[in-house]
Amino acid sequence: MSQLLILAAEKENPLYPPIPELVIGLIAFVIVFGFLAKKLLPNINKVLEQRREAIEGGIEKAEAAQTEAHSVLEQYKAQLAEARHEAARLRQEAQEQGATLIAEMRAEGQRQREEIITAGHAQIEADRKAASQALRQDVGHLATDLAGKLVGESLEDHARQSRVIDRFLEDLEEKAEAAR
């Protein structure tokens, strides 16, 4: 029985298709493959070539953009460094001008202070001389009046009166200096 099964299985083996079907399938495959090779394959190759060019063009554009971005970045960094240098120079210049201005203002203040002190000393000296002159006259009048009352006669002679007053005040100044 086993031999019968083997013989039966050889005739109808599903792995071995019948020859006419194999020939028809092969012709159909060649027709479809030829159609695809003639019509579809050039379109597919064309689309693939366009994609390849687009990708390569995109990569080239990206590289060009990256190169340009690098150059712009370098220019920006150079400008930034130059701006920082300029700002530092301006800041230094402003500090120098400020120091110069402060020195000038101090000198001007000192000069004005000296002028005010000199004017004050001159005014004090003028006031002292005026007060001294007024005091001499008042003391002289009082002294001549007092001397006239003591002596009992009038000492109205102006020249004599001036000499007496001057002598009296000089004696007072000598005594004041000796006391020091």
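Residues numbered from 1 in each chain as written. Predicted model: local features only at pLDDT ≥ 70, side-chain atom pairs only at ≥ 80, totals over all residues. Heavy atoms only, no water.

Trainee: Describe in detail the overall build of the protein, supporting the description with residues and values.
Mentor: If you tally the helices and strands in the protein, you get three helices and zero strands. Each helix (α) and strand (β) of the protein, taken in turn from the N terminus, gives the series α-α-α. Going through the 180 residues of the protein one by one, you find that 3% of them count as buried. Only carbon and sulfur atoms are counted for the fraction: they give 62% of the accessible area of the protein, which is about 16,200 Å². (Helix = DSSP H or I, 4+ residues; strand = E, 2+ residues; numbered from the N terminus. Buried < 20%, exposed > 50% of the residue type's maximum accessible area, 1.4 Å probe, protein only. Areas by Shrake-Rupley, 256 points an atom, 1.4 Å probe, with all protein chains shown as cover.)

Trainee: I'd like a description of a negative patch on the surface, backed by residues and values.
Mentor: Residues Glu170, Asp171, Glu174 and Glu177 make up a contiguous surface patch of negative charge. Here Glu174 lies in helix α3 (residues 158–179). Among the residues examined, Glu174 registers a relative accessible area of 53% and is labelled exposed. (Patch = residues over 30% accessible without salt bridge, like charges linked within 9 Å, V, L, I, M, F, W, Y side chains within 5 Å. Salt bridge = Lys/Arg side-chain N within 4 Å of Asp/Glu carboxyl O. Lys, Arg positive; Asp, Glu negative; His and termini not counted. Charge placed at Lys NZ, Arg CZ, Asp CG, Glu CD.)

Trainee: Describe the packing of aromatic side chains, naming the residues involved and giving the relevant values.
Mentor: In the structure shown here, the tally under the stated rule is one aromatic pair. Between the aromatic rings of Phe29 and Phe33, the centroid separation amounts to 6.0 Å while the plane-to-plane angle is 20°, which identifies the pairing as stacked. Taken together, the residues Phe29 and Phe33, both in helix α2 (residues 19–151) and four residues apart, mark about one turn of the helix. (Phe/Tyr/Trp six-rings, centres within 6.5 Å; stacked < 30°, edge-to-face > 60°.)

Trainee: Got a sec to walk through a nonpolar patch on the surface? Specific residues and values, please.
Mentor: On the surface, Val32, Phe35, Leu36, Leu40, Leu41, Ile44 and Leu48 cluster together to form a nonpolar patch covering roughly 620 Å² of accessible area. The exposure class assigned to Ile44 is partly exposed, which follows from its relative accessible area of 41%.

Trainee: Lay out the environment of Glu86 in plain terms, naming residues and giving numbers.
Mentor: Tracing the backbone shows Glu86 in helix α2. Among the polar contacts made by the side chain of Glu86, one reaches the side chain of Arg89 at a distance of 2.3 Å. (Polar contact = N/O pair within 3.5 Å; in protein donor to acceptor, adjacent residues only side chain to side chain.)

Trainee: So what's going on with the pattern of salt bridges? Residues and values would help.
Mentor: Per the counting criterion, the structure on display carries eight salt bridges. In this structure, Glu115 engages Arg111 in a salt bridge whose closest nitrogen and oxygen atoms are separated by 2.2 Å. Linking Glu115 with Arg111, this pair stays in helix α2, spanning four residues, or about one helical turn. Its salt-bridge partner being Glu114, residue Arg113 comes within 3.7 Å of it at the nearest N-O pair. In this structure Glu114 comes out as partly exposed when scored by relative accessible area, which is 41%.

Trainee: Break down the confidence of the model for the protein for me, with residues and values.
Mentor: Mean pLDDT over the protein stands at 83; residues scoring 70 or higher make up 83%. Mean pLDDT in the protein bottoms out at helix α1 (residues 2–11), which sits at 54, and peaks at α2, which reaches 88. (pLDDT = per-residue confidence, 0-100.)

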